[in-house]
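Fold and contact review
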Amino acid sequence: MVVILENNATEEQIKNVEEHLHKYGFEIHKSIGAQRTILGAIGVQPNFDTRKIKILDGVSEVFRVTAPYKLASRSFQESNTVIKIKDVEIGANQIAMMSGPCSVESEEQIFKLAEVVAKSGAKILRGGAFKPRSSPYSFQGMGEDGLKLMRAAADQNNLLVITEVMQISQIDLINQYTDIFQIGARNMQNFPLLKELGKVDKPIMLKRGLSATIEEWLMSAEYILSAGNKDVMLCERGIRTFEKYTRNTFDLSSIPVVHKKSHLPVIADPSHATGLRDQVPAMARAAVAAGADGLMIEIHHDPENALSDGPQALLPDTYSKLFQELKLIAKAINRDI
Ligand code: PEP
Ligand code: MN
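Residues numbered from 1 in each chain as written. Chains lettered and ligands numbered in written order. Predicted model: local features only at pLDDT ≥ 70, side-chain atom pairs only at ≥ 80, totals over all residues. Heavy atoms only, no water.

**Observations concerning the pairing of strand S1 (residues 2–5)**
A regular strand places its side chains so that they alternate between the two faces of the sheet. In S1, alternate side chains face the same way, and those of Val2 and Ile4 on one face and Val3 and Leu5 on the other are all buried. With four bridges joining them, S1 and strand S4 (residues 59–63) adopt antiparallel strand pairing. Each residue of the ladder has a partner; that of Ile4, found in S4, is Glu61. Alignment of S1 against strand S3 (residues 37–42), held across three bridges, turns out to be antiparallel. In the sheet register, Val2 faces S3, and the bridge partner there is Gly40. (Buried < 20%, exposed > 50% of the residue type's maximum accessible area, 1.4 Å probe, protein only. Helix = DSSP H or I, 4+ residues; strand = E, 2+ residues; numbered from the N terminus. Pairing = 2+ DSSP bridges.)

The structure is reproduced here in structure tokens:
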């Protein structure tokens, strides 16, 4: 249930409403906007008579949130969530570029690519140290050595780090090296992991599951939000369909759908969504035009010998050229990159 207070509601009136909500067994999430305060009351009480709150002084409106996700919903919070990490804002006007290799492979590789990323003007370095591979015989990532290398390469180039956490036992370790935790598509419904990441004080990027509906994806975000972490962004990385020409089917329309239903930023990942290098630039351009708040793009200087996802990695030159095109598209919709 959402309780909207009157613009001129006093502190005392707000406190009184909160006390009533507590008395009726609701948990409260308060959002103080420029104009008015909104109280989100969480609690499964299908028969609760909202008039009990509506009659209190200072209350302007009370309504039920019909979507199963509450904290993630636009009716709970009208304004976009803006996630601030050092001098980077995600969800505001600037489109956040997160680029780098699929996996950290060596010191030489990650330092070379971090330089490419920084020179392009991007602010966030991506790279996996713990890799969710379909085969147990494929490269599984460098683990902590990879995290150390990526942190050093990022620091040298004044970049932030985003990297995937696969399980609860890795959280503390990864927390020492990363700025943003990535939850991979395969873990989108790993509820114990989501709850634990709800307790960390760093932003989370939640990738859409391989065959998850938008509602299921938002429910997973709700797990993190309800555990206390408000800095959640979503990432569309393509879904499984019957189509075989591409690795996944890029659901471009999820960007405006999520923007309508939720206040959380949406990142697009055209690399995993297509799986093929020659299709990445077109889908990256489309994602910016569709309103994505950021892009995740895989790059590699020697993709033929990459230890994971070589076929979808852009070469540095193609990436730099794409970056310039994206700037033009961003400008056309009054955004920056
Ligand atoms: C990745 O980012 O390298 C990755 C494994 O992504 P996804 O979880 O979307 O497959
Ligand atoms: Mn990858």
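**Quick word on the domain arrangement of the protein chain**
On domain assignment, one finds that the protein chain holds domain 1 (2–63) and domain 2 (83–332). Computed over C-alpha atoms only, the centres of domain 1 and domain 2 are separated by 37 Å. (Domains from an automatic or database assignment.)

**Focus on the coordination of the manganese ion (ligand 2)**
Protein-derived ligands of the manganese ion (ligand 2) are Cys102 (SG), His272 (NE2), Glu298 (OE) and Asp309 (OD), with the metal-ligand distances lying across 2.0 to 2.4 Å. We note that the donor set of the manganese ion (ligand 2) lies within a single chain, spaced as C-x169-H-x25-E-x10-D. With His272 in helix H9 (residues 270–274) and Asp309 in the loop between strand S14 (294–298) and helix H11 (316–332), this residue pair connects regions lying 37 residues apart in the sequence. Taking relative accessible area as the criterion, Asp309 reaches 16% and is therefore assigned buried. (Donors = N, O, S within 2.8 Å, 3.2 Å for Na, K, Ca; no water.)

**What about the pattern of salt bridges?**
Tallying each qualifying case throughout the model produces 18 salt bridges. Note that Glu18 and Lys30 form a salt bridge whose closest N and O atoms lie 3.4 Å from each other. Of this pair, Glu18 sits in helix H1 (residues 11–23) while Lys30 is found in strand S2 (residues 27–32), placing the two residues twelve residues apart along the sequence. Here Glu18 falls in the buried class, since its relative accessible area comes to 18%. On the basis of relative accessibility, which here comes to 41%, the residue Lys30 falls in the partly exposed class. (Salt bridge = Lys/Arg side-chain N within 4 Å of Asp/Glu carboxyl O.)

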